[in-house]
Amino acid sequence: MNNENLLISKILQGDIDAFSSLVRLYQNQLFSFLYKLTHSREETEDLLQEVFIRVYNYLYKYNNTYSFSTWIYRITYNTYNTAYKKKKSQPVSYSIDDIPQKLFSLEGCPEKSFETKEQYLTIMNLIDSLNSEQKTVFLLRHVKDFSFKEISTIMDVSQEASRMKYHRAKKTLARNLEMNKKRGLHL
Amino acid sequence: MKCNYYDKILEFEEHSASVQEKDEILKHISSCENCKELYNMLYLSSVYSSYEYEARSDFYKQVIASVDSKKYKSKSFMLPVLIFFEKLKPAFKPLITGMSVTALLFLIIIYRGQLYEFLRLDAYPSKNPYNVNEISFLRTDGENLVMNNGNNILLNGVNLTNNVWGNWVSGVSEKLEAEGKSPLVKPVVQDSWVLADVDFKRIEDMGCNSVRYDFNYQLFDKSNPNQISNILKLKSDIQHFYSLNIYTVLCMSIVPGLDTINDTSENTKPPLYRMKSVFESDEYFNQWKEIWEYVVEQLKDTPGLAGYEIMCEPRLPSEKDGGLKLFQKKLNNLCSAIRKVDRNRIIFVPEYQSREANPGEKYYHEDNTIIDSGEQGIIWETGFVKVDDSNVAYVFQFFDPYEYTFYGKGDYTIEDLQSLVEKRAMWARTIGKASLVARYGISRINPSQQRVSWLQTVHSIFSKFNISSSYHEYKNLVGTYNPSNDGFFAIYGQYNNWKNEISLTGNSYSFLDKDMEYTAETTKFKDVLDRFFFKDGKIESVSIMDNEDILNTLKDYWKN
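Criteria and thresholds
- Residues numbered from 1 in each chain as written.
- Chains lettered and ligands numbered in written order.
- Predicted model: local features only at pLDDT ≥ 70, side-chain atom pairs only at ≥ 80, totals over all residues.
- Heavy atoms only, no water.
- Helix = DSSP H or I, 4+ residues; strand = E, 2+ residues; numbered from the N terminus.
- Buried < 20%, exposed > 50% of the residue type's maximum accessible area, 1.4 Å probe, protein only.
- Contact = heavy atoms within 4.5 Å.
- Areas by Shrake-Rupley, 256 points an atom, 1.4 Å probe, with all protein chains shown as cover.
- Pairing = 2+ DSSP bridges.
- Salt bridge = Lys/Arg side-chain N within 4 Å of Asp/Glu carboxyl O.
- pLDDT = per-residue confidence, 0-100.
- 1 Å grid on protein atoms, 1.4 Å probe; cavity = no way out; pocket = protein on both sides within 12 Å on 5 of 7 lines; lining within 4 Å.
- Points joined across faces, edges and corners; volume = space filled by probe spheres on them.
- Nonpolar A, V, L, I, M, F, W, Y, C, P; charged D, E, K, R; others polar.
- Core = buried A, V, L, I, M, F, W, Y, C linked by side-chain atoms within 4.5 Å.
- Buried area = accessible area lost by both parts, 1.4 Å probe.
- Polar contact = N/O pair within 3.5 Å; in protein donor to acceptor, adjacent residues only side chain to side chain.

**Q** Is there a simple way to think about the overall build of chain B in this case?
**A** Counting secondary structure elements, chain B contains 19 helices and 25 strands. Across the 560 residues that make up chain B, the buried fraction comes to 50%. In chain B, the share of contacts with a sequence separation of at least 24, taken over all contacts with a separation of at least 6, comes to 71%. Per element, the accessible surface of chain B, about 27600 Å² overall, is 53% carbon and sulfur.

Set out below in structure tokens:
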């Protein structure tokens, strides 16, 4: 039994501390996923609290023959989707203050010289320009290396549809990058 | 121009690419600025997407405070059961779906009749919001006609003859007459005057619940180029009546071969030269059958259609030509052909109205009694034959006594009339079927009071035997050559041809020639014209004439 399933088993036996551990295990990654969709810490916290309450209340329905992370991301996506449909808020552009400092210490980029704040600001706004489904697929694909099969389960679409949405997301990013270049905005 | 590597970079996935692929890409972007920018954008996008923000360190406390910490403790006994059922859910889904589909199919099979009728009626909602469900699908149930709800219904209404017998066409009719044929030319398109919007309104105001709609076979013969537009017009008329809560009984009153109109020219000819009937000629029978098959196929789903009266006033062939057996066989064949197309509508089977005499039999011709010596004289005798179909009703004509209703001669007693109706009603009852009066009426040659009296008498008889009836007829042409006295049964007269007969001058009119004026005076049409159609220097093309009392008598009957 892996760590998650052990925690789930304990929660279902009434161990609230186990649930506290489960929240801590997932809170940052789910917070990141939701924050990239909402741009707002406040909204993200509200949504995330609702996600965990649902997880707790419906945990007995979780079937451990499936991945728990897929199950919890599915709840997260549905919670966001419901709120997003109600709200239909206007997109807000990121500002330079929204860029996390820790990003600059990351290594692995072939051309270090491009790692500037402005570059990340452009990237964040490019991702934000994707439509909701493309953005979700793109984030899920990178946030936890979800397979297209897992993404299809989370979003309740076919595997082929999730693959297609991801490919279209990349094409949209490339097209918007070209448009930026035409306006003189280079990476 | 787009670089060849552009699409490769778009499809490139860092974690799943081979070392070789990655090297190839990196080598390329070192020399291609555009691809380098694309690569970097995608790379940085993935870095940003996977970057993990940190929630408040005490966020989990807020969550724990929001949940019911005893939820799972208090359900410790029930929880294994809940979990067990949750695990079974994937198996339940197809099981429940299968059971639901089976139950639905079962209900559809049980209630298919009602469902079919509901869908059909819903497609053509009634215009009258208070009587939405008055019109329903009809069928026979033993001696009765019944509606969907199981209630019995009597179809009481008027006969629309629709000028099926045709028109005198100058230049053609004279020639036909000279050849010893019927001079009237049957229309290949229904005359527009027979059923206009104003007619629907008048019929609605009469308060009857049905019309017997006559048509001639030529309208729907495959050789008629207007076949499709004719059937659409007929369908539209049925739907129009339906919207007024009026049923339509379709009657092919003019069939291929011998019919009630050309019979006047044919019945004096020797058998070899006489036009054959649908019972005597396979060619005419097949044409009759094909036209019915076409009409039924096109109209079977039309709401408000009560059923099909297969022909009007058939004549039994002589025994030499097959007699009663052949007549019955052909009726059965036709009913069977109709039933193959429409399983549901009522088929109205007519009584034979006359028969061909057999050698040695007496028949009457022009007030003389003649012994038939093979010429197949006409014997005016009626009778039903049973057909094998279960959803049929039997119809008969009622113009009795003939001399009285047509020519105002002689008299009648209620007992005589009652025995004639009783004979038919009892025959149908003995085989457990309904009988209906397809046509009944009395001509204008009788004074109004006599006509009213005759109508009230026959209505009381129809009521006594609980049989439906259709008054003959709603409307007919009047004119110098259409005498509106003897043989004129219509409630309304229509003077269509006035421009070819008279000219208007100030407040008066004059006939176009002396012959016409003489004929109009002889046939008493001039009197009709002066009283009912010429008003204030103008011609009113449609008039109820002096038939108000007739209409009121009918209305009283239909109301009850």
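Here the narrative resumes.
**Q** Is there a simple way to think about the pairing of strand S22 (residues 508-511) of chain B in this case?
**A** When a strand is regular, its side chains alternate between the sheet's two faces. Residue and element names in this part refer to chain B. Residues Tyr509 and Phe511 line the buried face of S22, whereas the alternating positions Ser508 and Ser510 sit on a face that is not buried. Note: strand S21 (residues 502-505) against S22, 4 bridges, orientation antiparallel. Pairing of Thr505 across the sheet is with Ser508, part of S22. Turn length for the S21-S22 hairpin, with the two strands adjacent in sequence and antiparallel, is 2 residues, and the turn residue Gly506 shows positive phi of about 60°.

**Q** Sorry if this is basic, but what is going on with the pattern of salt bridges here?
**A** Close approach of charged atoms lets side chains of opposite charge pair. All names here are of chain B. Tallied over the entire structure, the rule returns 38 salt bridges over all chains. A salt bridge links Asp58 to Arg56, with the nearest nitrogen and oxygen atoms 2.9 Å apart. Owing to a relative accessible area of 35%, Asp58 belongs among the partly exposed residues under this scheme. Through salt bridges with shared partners, a single network forms among Arg444, Asp527, Arg531 and Asp546.

**Q** Would you take a moment to explain the confidence of the model for chain B for this structure?
**A** Regions with low pLDDT should not have their predicted coordinates read in detail. All names here are of chain B. Counting all residues, the mean pLDDT for chain B is 89, and 94% of those residues have values of 70 or more. A low-confidence stretch, residues 120-133 (pLDDT under 50), is modelled with 21 contacts involving residues beyond four sequence positions or located in other chains. Here the predicted complex scores 0.60 on pTM and 0.89 on ipTM.

**Q** Would you mind showing me how to read the sheet that holds strand S10 (residues 315-316) of chain B here?
**A** As a general point, the strands of a sheet are linked pairwise by backbone hydrogen bonds and lie either parallel or antiparallel. All names here are of chain B. The sheet built from 3 strands is open, its strands ordered S10-S12-S15 with mixed pairing. A strand with exactly one partner marks an edge of an open sheet, and here the two such strands are S10 and strand S15 (378-379). Direction of pairing for strand S12 (residues 354-356) relative to S15: antiparallel, over a ladder of 2 bridges. What sits directly across from Arg355, in S15, is Ile379.

**Q** Is there a simple way to explain the layout of surface pockets in this structure?
**A** The rolling of a water-molecule-sized probe over the atoms marks out the regions of remaining empty space. Approximately 870 Å³ is the volume found for the second largest pocket. Taken together, 20 residues line the second largest pocket, and the ones lying closest to its centre are A:Lys61, A:Asn63, A:Tyr66, A:Trp71 and A:Arg74. At the level of secondary structure, the elements contributing two or more residues to the lining of the second largest pocket comprise helix H4 (68-87) and helix H7 (148-155) of chain A together with helix H6 (79-110) of chain B. Take the lining of the second largest pocket: its biggest share by element is 5 residues, from H4(A). Residue composition of the lining of the second largest pocket, grouped by class: 6 nonpolar, 6 polar and 8 charged.

**Q** Got a minute to help me understand the nonpolar core in this structure?
**A** What tends to happen in soluble globular proteins is that the nonpolar side chains get buried as a cluster. Counting 86 residues, the largest nonpolar core has B:Val158, B:Leu250, B:Trp288, B:Trp292, B:Phe398, B:Tyr440 and B:Trp454 as the members making the most contacts within it. The dominant element in this core, judged by the number of residues it contributes, is helix H12 (residues 282-299) of chain B, at 8 residues. Aside from chain neighbours lying at most four places away, what touches B:Val158 is B:Met206, B:Cys208, B:Ser210, B:Val211, B:Arg212, B:Ser470, B:Tyr471, B:Tyr474, B:Ile491 and B:Trp558. Counting 81 residues, the second largest nonpolar core, distinct from the first, contains A:Leu140, B:Phe12, B:Tyr53 and B:Tyr72.

**Q** How should the interface of chain A and chain B be read in this particular structure?
**A** Accessible area lost on assembly of the parts is the figure often given for the size of an interface. Contacts between chain A and chain B engage 64 residues on the former and 48 residues on the latter. A combined buried area of about 5300 Å² lies between chain A and chain B, and 64% of that area is made up of carbon and sulfur atoms. At the boundary of chain A and chain B, one finds 18 residue pairs in polar contact (both at pLDDT 80 or more). At the level of secondary structure, the elements contributing two or more residues to the side of chain A that touches chain B comprise helix H1 (3-12), helix H2 (16-38), helix H3 (41-57), helix H5 (117-128), helix H6 (132-143) and helix H8 (159-182) of chain A. Top contributing element to the side of chain A that touches chain B by residue count: H2(A), with 12 residues. Looking at the side of chain A that touches chain B residue by residue, the classes come out as 34 nonpolar, 16 polar and 14 charged.

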